[in-house]
Amino acid sequence: MIDNQHISNSMTIKLEDIFEDLPPMPQFAAGIRRAPSRHFTLSLKDTQLALKNALRYVPERWHQQLAPEFLEELLTRGRIYGYRFRPEGHIKGRPIDEYCGRCIEGRAFQVMIDNNLDFDVALYPYELVTYGETGQVCQNWMQYRLIRKYLETLSREQTLVMESGHPLGLFKSSPRAPRAIVTNGLMVGCFDDQQNWNRAAALGVSNYGQMTAGGWMYIGPQGIVHGTYSTILNAGRDKLGIPADQDLTGRLLVTSGLGGMSGAQGKAIEIANGVGIIAEVDYSRIQTRLEQGWIGQAIDDPAEAFKVAVQYQQQKKSAAIAFYGNVVDLLEYAANNKVKIDLLSDQTSCHAVYEGGYCPQGISFKERTELLQSGHAGFKEMVDATLRRHYELIQTLTERGTYFFDYGNSFLKAVYDAGVNEICKNGTNPIDGFIFQSYVEDIMGPILFDYGYGPFRWVCLSGKEEDLKKTDRAAMKCIDPQRRFQDRDNYVWIRDAEKNKLVVGTKARILYQDAMGRMNIALKFNEMVRNGKIGPVMLGRDHHDTGGTDSPFRETANIKDGSNITADMAIQCYAGNAARGMSLVALHNGGGVGIGNAINGGFGLVLDGSQRVDAVIRRAIPWDVMGGVARRAWARNQNSIDTSIQYNRMRKGSDHITIPYIADDKMIEKLVTEKFRDKE
Ligand SMILES: NC(=O)c1ccc[n+]([C@@H]2O[C@H](COP(=O)([O-])OP(=O)(O)OC[C@H]3O[C@@H](n4cnc5c(N)ncnc54)[C@H](O)[C@@H]3O)[C@@H](O)[C@H]2O)c1
C-alpha cells in the first residue's frame, strides 16, 4: 500500500504547502448568522466514511488532532466544514489586482468566490452558504483553500475540474476552452432524491450549489431585484388590469422572506411604486434590510402593518414594510379582517422546507432553530400543519380577489408534500401542474423568457465605482426603449440603478436583456476594456433564465408539450457554452426548488478586452439565450416562435432554428375523441 509520505510527495498543490503547521481555530465573529444543524443521521459505518473522506484533504500528521474535531462538527452540525481552515476575519471580493494568478480568469474566479462568502452577502458565511438556506460555494474550508491554490496556479492552457466543491484537478486544455468546469449536486437517477443527497452531503461527496452559489456568480440580492420588479410589475399589469405603461401605484403586495434572495422584495416593490408587507421571522434579516434601506420600517403587529400600508396606498406613495412574525399569522389577520390584498406570494425557503427553510406557526425563529438543533422531534408535523393552514388562507384570500403566485421557492410542491392533494390540477399528483400558477407559468415565461429576456449580469473586477457607472451608461445606450414595453422597463431599470443603491458586495449590476441585447452590451464592454476605459469585467447570468434551467415547477413551468419533465435543454446549454469557450460553465441539480426538481446551469465570461473574447461573445452569448428560446418555440410558445422567426431571418447562413408547424386543436380533439369513443 502506498504510504502518505509518497502521496504527499506526488502532489505540488496541497494544503500542507499553504500551512506549515495546523492553523489555529478561528474565532466566530459575534452577530454573524450560523447555519442550523443539518441533522446528523449517518450510520456508524457512514460516520467512519465521512471522517476518512474529510481527512483526504489533510496530511497524516494532523489526522490525530483533526479526526475528533471533524467528528464533533459532524455530530453537532451534520456536516464537516473544517472551520479551522477558514481564513480569519471578513472575506470580501477584493479588486482583481490584489489576487495572485497566472491568468486573468483564475484571479477573476477568486474575486467571485470571495464575494459569495462576504459577511454582507452570504447567508451563513462560516458554513460557506451564500443564499437559499443551503446553497454553498463548496462543501468545506479545505476545499476553499485548495480551490484558491488551484486558481492561483491555473494557466491559459488548463481547465480546473470542480465536482461538487471538490477540486478534482487541473487538466491540460487550450486557451479556447473554459478555465473552470463546475458541477454540483448531480445524482444518478435512482438516487436523485433528498434523502440520498443528504447522506452524500454528510459524507462530504456532494454539494448543493443552488444556482449561482456553487457557480460563483452570485451578486447579492440585487441579482433578483430586477426579476422581482419585472414579475410583480407584470403580475399587476396582467392580473390587475394595470395598463402596460403604468406601475403598481396604490397597490398592495403581501409576501414573506427577507433572506438572501427574498430580501430583494422590498426594494423591488418600491421601485415598482407599490406598497409591500413582507413577513420575516428572523429579526437579524430585517435588521440587515433596514440598514441597507431596502425596507423602510419593521412592525410586529399585523393590524398596525396593514393600517400603515393602507395609508401609503391612499397617498399613492411607495413603501416596503417588514412584518416581524410568521407569514401565516399575518394572513390569518388579513383573512379575519377582510383586508384587501392585490398581490400575494411567498419566498420562504420551501425548497428546503424541513431543513429550516420554513418556520412553523406558533414558535419563534429561535425555537425553530433549537428544534432543528435537537433533532427535529415533531418538527416535520409542525411544518406540514403550517403549510396546510397557509394554503387554506391563500384560498380564502384568492376567493376574495387576491392574485396569488408561487415565486419559485417550491411552495406549491411543499404544500402538496404536506398532504394537500387538491392543490394539484388533477387532484392527485403534480404532473399536470398546480391550481395556482408559478410566476414563470403566466408572467415571467411568456412575457420575458420566451423572448430571451433574462438576468444578464456583470461584475466590475477593478472594484471601482466609476467602472460600474460607466458600464451602466454604456448598457443604457444599447437599449431602444421604444421597441417593446419590456425594453422600456429595462431602460428605466438601468437608468435608475445607481440612484436605487442596489450594490451589496462587489461592484455588480443585473440587467434583463434578450440575446442580441446581451451580445451588444458584452461587445461594448469588451471594447471599453480594450481601450482602457474600464478594468476587466466578469459577465454571467443567473441560472434562472430562458435556456439555463429545466425545472417543471419554475423556469419551464410554461412548457406545455410534455417536455417539461426532461432536462436536455439545460445540459445542452451548459455543453454548448463550454464548446463555445465561456470562461466558466456550471451545471447543478436542484437550484431554487430542491434536489431532483431541476437541472440548472450558468456561465461566467471574463472580458479582458481581447479579440478572442469578442469572438466568444459573438458565438456563445446568442447560443446561451437562443438555445432556450428555440426549445420554447418548439413547445409552441407563441412569443418564442415569433422571436425564432426573426432570428432565422437575422442570422441567415449562420444559425438556424427548427420551428414547429401548428396542428389544428379542433381537428385533433375531434379525431382522438371519436377514436376513443369507437374503442369504448
Ligand atoms: N424566484 C426566484 O427567482 C428565486 C430566486 C432565488 C431563490 N428563490 C427561492 O426563494 C426562496 C428564498 O430564497 P432566499 O435566498 O431568500 O432564502 P433564505 O433562506 O435566505 O430566506 C428565506 C427567509 O424566509 C424566512 N421565513 C421562513 N419561514 C418563514 C415564515 N413562516 N414566515 C416568515 N418568514 C419566514 C426565513 O427566516 C428567511 O429569512 C428559496 O426557496 C429560493 O430557492 C427564488
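These figures come from a predicted structure and were not determined experimentally.

Participant: Please give an account of the site of the ligand that cites residues and values.
Facilitator: Close to the ligand lie 34 residues, the nearest being Gly 260, Ser 262, Glu 280, Ser 349 and His 351. Contacts to the ligand include Cys 359, whose backbone N or O atom sits 2.9 Å from a nitrogen atom. Measuring from an oxygen atom of the ligand, one finds a backbone N or O atom of Gly 592 at 2.9 Å. For the ligand, whose unbound accessible area comes to 860 Å², protein coverage reaches 98%. Judged by the proximity of its atoms to the pocket grid, the ligand belongs to the largest cavity. Its residues assigned to classes, the shell around the ligand shows 12 nonpolar, 17 polar and five charged.

Participant: Summarise empty space enclosed by the protein; cite the residues concerned and give the values.
Facilitator: Counted by the stated rule, this structure contains three cavities of 30 Å³ or more. Taken as a whole, the largest cavity holds about 640 Å³ of empty space. Lining the largest cavity are 46 residues, with Gly 132, Ser 262, Gln 347, Thr 348 and Ser 349 positioned closest to its centre. At the level of elements, helix H8 (222–239), strand S7 (275–280), helix H13 (353–357) and helix H14 (365–373) are the ones that each hand at least two residues to the lining of the largest cavity. Counting residues per element, the lining of the largest cavity draws most heavily on H8, which supplies three residues. Among the residues making up the lining of the largest cavity, the classes are represented as 17 nonpolar, 22 polar and seven charged. For the second largest cavity, the calculated volume is near 40 Å³. Around the second largest cavity, the lining residues are Asp 406, Ser 410, Leu 412, Lys 413, Phe 434, Ser 438 and Phe 553. Looking at the lining of the second largest cavity residue by residue, the classes come out as three nonpolar, two polar and two charged.

Participant: Give a detailed account of the pairing of strand S5 (residues 180–184), specifying residues and quantitative values.
Facilitator: A regular strand carries its side chains on alternate faces of the sheet. Where burial is concerned, the two faces of S5 differ: the one with Ala 180, Val 182 and Asn 184 is buried and the one with Ile 181 and Thr 183 is not. As paired strands, S5 and strand S17 (residues 584–589) are joined by five bridges and run parallel to one another. Its bridge partner lying in S17, Asn 184 is registered against His 588.

Participant: Residues and numbers for the pattern of salt bridges, please.
Facilitator: Counting across every chain of the model gives 47 salt bridges. Its salt-bridge partner being Glu 157, residue Lys 172 comes within 3.5 Å of it at the nearest N-O pair. Note that Lys 172 is positioned in strand S4 (residues 166–172) and Glu 157 in the loop between helix H6 (141–153) and strand S3 (158–163), a separation of 15 residues in sequence. A network of salt bridges, in which partner residues are shared, links Glu 105, Arg 156, Asp 608 and Arg 612.

Participant: An account of unusual backbone geometry is needed here, citing residue identities and associated values.
Facilitator: Within the chain, His 39 stands out as a residue other than glycine whose phi angle is a positive 65°. Relative to the helices and strands, His 39 resides in the loop between helix H2 (15–18) and helix H3 (44–55). Given a relative accessible area of 29%, His 39 falls into the partly exposed group. Here the phi dihedral of Ser 410 falls at roughly 70°; this positive angle occurs in a residue that is not glycine. Note on placement: Ser 410 falls in the loop between strand S11 (403–406) and helix H16 (411–417). On the accessibility criterion, Ser 410 (5% relative accessible area) is buried.

Participant: Tell me about the sheet that holds strand S12 (residues 437–438), residues and numbers included.
Facilitator: Strand order in the open sheet formed by seven strands is S8-S9-S7-S6-S10-S11-S12, and the pairing between neighbours is parallel. Two strands bound the open sheet, and with one partner strand each, they are strand S8 (297–299) and S12. In this sheet, S7 lies alongside strand S6 (residues 252–256) in parallel orientation, the contact comprising five bridges. When the bridges of S7 are listed, Leu 252 appears paired with Val 275.

Participant: Break down the side chain of His 226 for me, with residues and values.
Facilitator: Along the chain, His 226 turns up in helix H8. Relative accessible area serves as the criterion here: at 0%, His 226 is assigned to the buried category. Within polar-contact distance, the side chain of His 226 engages the side chain of Asn 490 at 3.3 Å. Those residues within four positions of His 226 in sequence are excluded, and the remaining contacts are Asn 490, Trp 493, Ile 510, Leu 511 and Tyr 512.

Participant: How would you sum up the packing of aromatic side chains? Please name residues and give values.
Facilitator: Counted under the stated rule, the structure contains 23 aromatic pairs. One aromatic cluster in this structure is built from Phe 28, Tyr 81, Tyr 83, Phe 119 and Tyr 126. The ring of Phe 28 has Arg 34 lying over it, and the distance from NZ or CZ to the ring centre is 4.0 Å. Sitting over the ring of Tyr 99, Arg 94 keeps its end group 4.4 Å from the ring centre.

Participant: Would you mind going over the pairing of S7 in detail, with residue names and values included?
Facilitator: Taken across its six residues, S7 has six buried, putting it largely inside the fold. Residues Val 275, Ile 277 and Ala 279 point to one face of S7 and Gly 276, Ile 278 and Glu 280 to the other, with burial holding for every one of them. Taken together, the six bridges between S7 and strand S9 (residues 319–324) define a ladder with parallel strand orientation. Bridging from a neighbouring strand, Ile 278 pairs with Ala 322 of S9.

Participant: Tell me what's going on with the environment of Glu 60, and back it up with residues and numbers.
Facilitator: By secondary structure assignment, the location of Glu 60 is in the loop between H3 and helix H4 (63–77). Sequence separation between Glu 60 and Gly 89 is 29 residues, and the spatial gap between their C-alpha atoms is 27 Å.

Participant: Lay out the packing of helix H18 (residues 465–477) against helix H19 (residues 485–496) in plain terms, naming residues and giving numbers.
Facilitator: Two numbers describe how H18 lies on H19: the axes approach to 9 Å, and their chain directions differ by 160°. Relative to H19, H18 is oriented roughly antiparallel. Pair H18 / H19 crosses with left-handed handedness. Residues Asp 472, Ala 475 and Met 476 of H18 form the contact with H19, whose own contacting residues are Tyr 491, Ile 494 and Arg 495. Of the residues belonging to the contact of H18 with H19, the class tally is four nonpolar, no polar and two charged.

Participant: Got a sec to walk through the side chain of Asn 207? Specific residues and values, please.
Facilitator: Looking at the secondary structure, you find Asn 207 in the loop between helix H7 (194–203) and H8. Residue Asn 207 is classed as buried on the basis of its relative accessible area, which comes to 1%. Contacts of Asn 207, omitting those with residues within four sequence positions, involve Gln 136, Val 137, Cys 138, Gln 139, Ser 164, Gly 165, Asn 184, Gly 185 and Trp 197.

Participant: Account for the packing of helix H22 (residues 611–634) against helix H23 (residues 638–650), with residues named and values stated.
Facilitator: Across the interface, H22 lies against H23 with an axial gap of 8 Å and an inter-helix angle of 130°. Relative to H23, H22 is oriented oblique. Along this stretch, H22 crosses H23, giving a crossing that reads as left-handed. Two secondary-structure elements touch here, H22 through Pro 622, Met 626, Val 629, Ala 630, Arg 632 and Ala 633 and H23 through Ser 640, Ile 641, Thr 643, Ser 644 and Tyr 647.

Participant: Now, about the environment of Leu 393: what can you tell me, with residues and values included?
Facilitator: For Leu 393, the location among the structural elements is in helix H15 (residues 379–399). The buried category is assigned to Leu 393, whose relative accessible area is 2%. For the pair formed by Leu 393 and Val 328, sequence separation is 65 residues and the distance between their alpha carbons is 7.9 Å.

Participant: Account for a nonpolar patch on the surface, naming residues and giving values.
Facilitator: On the surface, a cluster of nonpolar side chains totalling about 470 Å² of accessible area is made up of Met 667, Ile 668, Leu 671, Val 672 and Phe 676. The exposure class of Met 667 is partly exposed, given its relative accessible area of 44%.

Conventions we followed
Residues numbered from 1 in each chain as written. Predicted model: local features only at pLDDT ≥ 70, side-chain atom pairs only at ≥ 80, totals over all residues. Heavy atoms only, no water. Near = heavy atom within 4 Å. Polar contact = N/O pair within 3.5 Å; in protein donor to acceptor, adjacent residues only side chain to side chain. Areas by Shrake-Rupley, 256 points an atom, 1.4 Å probe, with all protein chains shown as cover. 1 Å grid on protein atoms, 1.4 Å probe; cavity = no way out; pocket = protein on both sides within 12 Å on 5 of 7 lines; lining within 4 Å. Sits in = over half its atoms within 2 Å of the grid points. Nonpolar A, V, L, I, M, F, W, Y, C, P; charged D, E, K, R; others polar. Points joined across faces, edges and corners; volume = space filled by probe spheres on them. Helix = DSSP H or I, 4+ residues; strand = E, 2+ residues; numbered from the N terminus. Buried < 20%, exposed > 50% of the residue type's maximum accessible area, 1.4 Å probe, protein only. Pairing = 2+ DSSP bridges. Salt bridge = Lys/Arg side-chain N within 4 Å of Asp/Glu carboxyl O. Contact = heavy atoms within 4.5 Å. Phe/Tyr/Trp six-rings, centres within 6.5 Å; stacked < 30°, edge-to-face > 60°. Lys NZ or Arg CZ within 6 Å of the ring centre and 35° of its normal. Axes fitted to C-alpha atoms, helices over the stretch in contact; angles between N-to-C directions. Parallel < 35°, antiparallel > 145°, perpendicular 65-115°, else oblique. Left-handed = near helix turned anticlockwise from the far one by under 90°. Patch = residues over 30% accessible without salt bridge, like charges linked within 9 Å, V, L, I, M, F, W, Y side chains within 5 Å.

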